[in-house]
Amino acid sequence: MHISSAFDSGNIEVLDASDPTDITLAIRPDAGGDHLQWFHFRVSGVRGVPLRMRITNAEAASYPTAWDGYRTATSYDRETWFRCDTAYVDKELVIEHTPEHDTVHFAYFAPYSRERHLDLIADAQVVDGARVEVLGQTVDGRDLELITVGDGPLALWLIARQHPGESMAEWWMEGFLGRLLDHDDALARLLLSRATFYVVPNMNPDGSSRGHLRNNAAGANLNREWHEPTMARSPEVKLVRDRMDATGVDFCLDVHGDEELPYNFISGAEGIAGWTDEMGRLQSGFIDALIAANPDFQQEYGYGISKPGEANMTMCTNQIAQRFGCLAMTLEQPFKDAANHPSPEQGWSPPRAMALGASALNGIAAIIGSLR
Ligand code: ZN
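So, how was this worked out
Residues numbered from 1 in each chain as written. Predicted model: local features only at pLDDT ≥ 70, side-chain atom pairs only at ≥ 80, totals over all residues. Heavy atoms only, no water. Helix = DSSP H or I, 4+ residues; strand = E, 2+ residues; numbered from the N terminus. Rg over C-alpha atoms; globule rule 2.2 N^0.38 Å. Buried < 20%, exposed > 50% of the residue type's maximum accessible area, 1.4 Å probe, protein only. Contact = heavy atoms within 4.5 Å. Lys, Arg positive; Asp, Glu negative; His and termini not counted. Charge placed at Lys NZ, Arg CZ, Asp CG, Glu CD. Expected span 1.5 Å × (residues − 1). Arc of directions from axis to C-beta. Salt bridge = Lys/Arg side-chain N within 4 Å of Asp/Glu carboxyl O. Pairing = 2+ DSSP bridges. Axes fitted to C-alpha atoms, helices over the stretch in contact; angles between N-to-C directions.

(A) Up close: the overall build of the chain. Scanning the chain from terminus to terminus reveals eight helices and 16 strands. Computed over the C-alpha atoms, the radius of gyration of the chain is 20 Å, within 12% of the 21 Å expected from 2.2 N^0.38 for a compact globule of 372 residues. In terms of overall dimensions, the chain has a C-alpha envelope of 65 × 40 × 40 Å along the principal axes. The buried share of the chain, reckoned over its 372 residues, is 57%. Considering only residue pairs separated by 6 or more positions, the chain has 75% of its internal contacts joining residues 24 or more positions apart. Positive and negative side-chain charges in the chain, numbering 30 and 53 respectively, have mean positions lying 2 Å apart.

As structure tokens, then:
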């Protein structure tokens, strides 16, 4: 038996693997040291062997209470991810599985790899009317890419994966772009005639490849950098915010995942000084249309709403809504399952995240006539 995490987005430290029924592991912290929860590793030579693995530092995770009700994403072929028996016991995460094949992958959520990301970017640029641009480089020297498509006067921005462990955010983007760039989809063609879309499918490629939960390579939580981003600490945010200043912004959607809540939901900018009733109407219009388009989405469960003037202006949604006086929202997806529409075998999954991304076109279509 061997346990490896020496690959893209791999993260695990093997403490003791001498007994398959009592393997002890630990999650490696992000750069910066203040976050950990993402894990991704492969166990080989274990066909038919009952495995019991304990992640011994689970209590030190960024959201330890989120382990309750969580089940581990598991795959043999790295395409289909199912969930296996997982329990949070005595401050440790205990994963139990008897593999049907020689090697098996375990991850916090189905990974979205660097290679798949490069395919996503390359596929987009060959679509008529779509452009790909490298905005600049990350701390580790990776390219930060922007996809631009559409002819309309409105500027619609969509970004994802500021928190790299939230891989469902890039699966969402693959579904969104797949529909937006499909010229056989009349709704997509309509939207492209009304607006120009600016899409950043992965805001944090360094953290993604390093196997981080929340930070970039400099140890910055990018969604706490929007007030004063710098090229040294948060070039990913600085590059995107500078471009937003150049294009203007009429709509912004920032796509995330939430460790705790088993629901898809929107979190808005209600706490900013510049919040308006019109922003509230647009947000409700988007939410209602998304619920109608996709039953996996709901708005009954979500975060509390910030009191007026108490918004955290370091976050993308609040900073952009205030800066541009536009509708800006954070979309959260679950790591666990969408409990309003559960699918226990797979939980929340790449196909469901992609379907939700495609459904976002319906939400945008419902309000595009009222965006400025
Ligand atoms: Zn997030």
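(B) Fine view of helix H1 (residues 114-125). Counted at 1.5 Å a residue, the expected span for H1 with its 12 residues is 16 Å, and the 17 Å between its end C-alpha atoms agrees. Among the residues making up H1, those that are buried are Arg114, His117, Leu120, Ile121 and Ala124. Taken end-on, H1 shows its buried residues confined to a sector of 115 degrees, consistent with a single buried face. Exposed residues on H1 whose side chains face more than 90 degrees from its buried face are Glu115 and Asp123. Its buried side turned inward, H1 meets strand E10 (131-137), strand E11 (143-149), helix H2 (168-180) and helix H4 (205-210).

(C) Highlighting the pattern of salt bridges. Summed over all chains, the structure comprises 18 salt bridges. Between lysine 91 and glutamate 59 there is a salt bridge, with its nearest N and O atoms 3.9 Å apart. One end of the pair, lysine 91, is in the loop between strand E7 (82-89) and strand E8 (92-97); the other, glutamate 59, is in the loop between strand E5 (51-55) and strand E6 (72-75), with 32 residues separating them in the sequence. Arginine 142 is the partner of aspartate 206 in a salt bridge, and the nearest nitrogen-oxygen pair spans 2.9 Å.

(D) Region of interest: the sheet that holds strand E2 (residues 13-16). Across the sheet, nine strands lie side by side as E1-E4-E9-E6-E7-E8-E5-E3-E2; this open sheet has mixed pairing. At either end of the open sheet lies a strand with only one pairing partner, and these are strand E1 (2-4) and E2. Across the sheet, the mean angle separating the axes of adjacent strands is 30 degrees when strand polarity is ignored. Direction of pairing for E5 relative to E8: antiparallel, over a ladder of five bridges. Directly across from isoleucine 55, in E8, lies its bridge partner leucine 93.

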